[in-house]
Amino acid sequence: MELLIFLKKINNMIQILHNPRCSKSREGLQLLKSEGVSYEEIRYMDNALSAQEIKTIIKKLGIPAFELIRKNEAIYKDEYKNKDLNEDQWVEAMAKHPKLIERPIVINGNKAVIGRPADKIRTIL
């Protein structure tokens, strides 16, 4: 049974959208390491995600775009708070300002989870 799980993990590489400056993101990465999971680290602050990539992640998360927004970020408070934007507009905002994206996000095939708290990551391993 363990071999089958291992092979599945190889074929469906786990991805983590990671910001090394964020303690919660570092906790998520540490959880993957402690579980012995092979993963691909995506530093989305260095290489911004496209609107289409964000839409794909939102679909895997199964949430509206607004739930992926970090509401305590200055950019949100200064430019977006109290605005009534549609899904595409929120996605465009995240593509323009990657700092708005909640983190970490762990993706396993067609499923994803926001790793806050980090233990939530185990639900898709």
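Residues numbered from 1 in each chain as written. Predicted model: local features only at pLDDT ≥ 70, side-chain atom pairs only at ≥ 80, totals over all residues. Heavy atoms only, no water.

Trainee: Give a detailed account of the packing of helix 3 (residues 51-61) against helix 5 (residues 87-96), specifying residues and quantitative values.
Mentor: For any two helices packed against each other, one specifies the crossing angle of their axes together with the interaxial distance. Their axes nearest at 9 Å, the elements helix 3 and helix 5 cross at an angle of 115°. Considering how the two elements wind past one another, helix 3 and helix 5 form a crossing that is right-handed. Between helix 3 and helix 5, the contacting residues are Ala51, Ile54, Lys55 and Ile58 on the first element and Asp88, Val91, Glu92, Met94 and Ala95 on the second. When grouped by side-chain class, the residues that make up the contact of helix 3 with helix 5 number six nonpolar, no polar and three charged. (Axes fitted to C-alpha atoms, helices over the stretch in contact; angles between N-to-C directions. Helix = DSSP H or I, 4+ residues; strand = E, 2+ residues; numbered from the N terminus. Left-handed = near helix turned anticlockwise from the far one by under 90°. Contact = heavy atoms within 4.5 Å. Nonpolar A, V, L, I, M, F, W, Y, C, P; charged D, E, K, R; others polar.)

Trainee: Residue-level account of the pairing of strand 2 (residues 39-42), with values.
Mentor: Summarising the sheet, strand 1 (residues 14-17) and strand 2 pair through four bridges and their orientation is parallel. Bridge pairing links isoleucine 16 to glutamate 41 in strand 2. In terms of handedness, the path from strand 1 via helix 2 (residues 23-34) over to strand 2 forms a crossover that is right-handed. (Pairing = 2+ DSSP bridges. Right-handed = clockwise from strand over helix to strand, strands pointing away.)

Trainee: Describe the packing of aromatic side chains, listing the residues and the values that go with them.
Mentor: Within this structure, the stated rule accounts for four aromatic pairs. Look at phenylalanine 66 and tyrosine 76: their rings are 6.4 Å apart centre to centre, the planes differ by 55°, and that puts the pair in the tilted class. Highlighted residues: phenylalanine 66 in the loop between helix 3 and helix 4 (74-79) and tyrosine 76 in helix 4, separated in sequence by ten residues. Note on tyrosine 76: relative accessible area 8%, which makes it buried. Here a set of aromatic residues connected by ring pairs shows up, and it is made of Phe66, Tyr76, Tyr80 and Trp90. Between the NZ or CZ atom of lysine 71 and the centre of the ring of phenylalanine 66, over which it lies, the distance is 4.1 Å. (Phe/Tyr/Trp six-rings, centres within 6.5 Å; stacked < 30°, edge-to-face > 60°. Buried < 20%, exposed > 50% of the residue type's maximum accessible area, 1.4 Å probe, protein only. Lys NZ or Arg CZ within 6 Å of the ring centre and 35° of its normal.)

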